[in-house]
Each structure stands twice: as structure tokens, then as C-alpha cells.
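Examining the three-dimensional arrangement
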Amino acid sequence: MCECISKVNADLKQHNTMLVFTLLGNPSRAVVDTMQVETGRGKKKAAAVIATFCPFCGERYEAEPAKAAA
Ligand SMILES: [Zn+2]
């Protein structure tokens, strides 16, 4: 389990900046920034995209799901 998010946030603090990350789960997972394609009344809001692998060290955040028995 890596601690890249907290390490990078500590470095970014001097720039009054922090990464967007999930509050749920341990470790916190990086959130990929998204934006709406079409804006305006009645349009869906942009969906959240959460990284499966740490973007800094490449470690998988959670073990792969169990495979179904053959
Ligand atoms: Zn990492």
C-alpha cells in the first residue's frame, strides 16, 4: 500500500495546492479530473473517474477481484 497521495500533497502544500482524492478507502485513491461535455440545464453532471493504479508509483490500489471458479 503506497502513500504517494499524502507525500505529493505534502509537497504541493507550499503551492497552496492539493490533489483530488477519494475520502473513502485506505489508501486514498487519486481522482482523475473530468468535465462535462455538454453543459446547461438538464444535462448530466460529469461522472467521477477514480484511478485503479497509483499514477505516481504504479501500484494497484486494491487487489484484483477474485476470479470465479472454473
Ligand atoms: Zn503510489
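Residues numbered from 1 in each chain as written. Predicted model: local features only at pLDDT ≥ 70, side-chain atom pairs only at ≥ 80, totals over all residues.

**Re the environment of leucine 12**
By secondary structure assignment, the location of leucine 12 is in helix 1 (residues 4-12). When the 12 C-beta atoms within 10 Å are taken as the criterion, leucine 12 is described as exposed. When the C-alpha positions of leucine 12 and asparagine 26 are compared, they lie 21 Å apart, and in sequence the two are 14 residues distant. Residues within four places of leucine 12 in sequence aside, it is in contact with Thr17, Met18 and Leu19. (Helix = DSSP H or I, 4+ residues; strand = E, 2+ residues; numbered from the N terminus. Buried ≥ 20, exposed ≤ 12 C-beta atoms within 10 Å, placed from the backbone. Contact = placed C-beta atoms within 7 Å.)

**Focus on the environment of isoleucine 5**
Along the chain, isoleucine 5 falls in helix 1. The buried category is assigned to isoleucine 5, around which 22 C-beta atoms lie within 10 Å. The spacing of isoleucine 5 and serine 28 is 23 residues in sequence and 7.0 Å in space, taken between C-alpha atoms. Aside from chain neighbours lying at most four places away, what touches isoleucine 5 is Leu19, Phe21, Pro27, Ser28 and Ala30.

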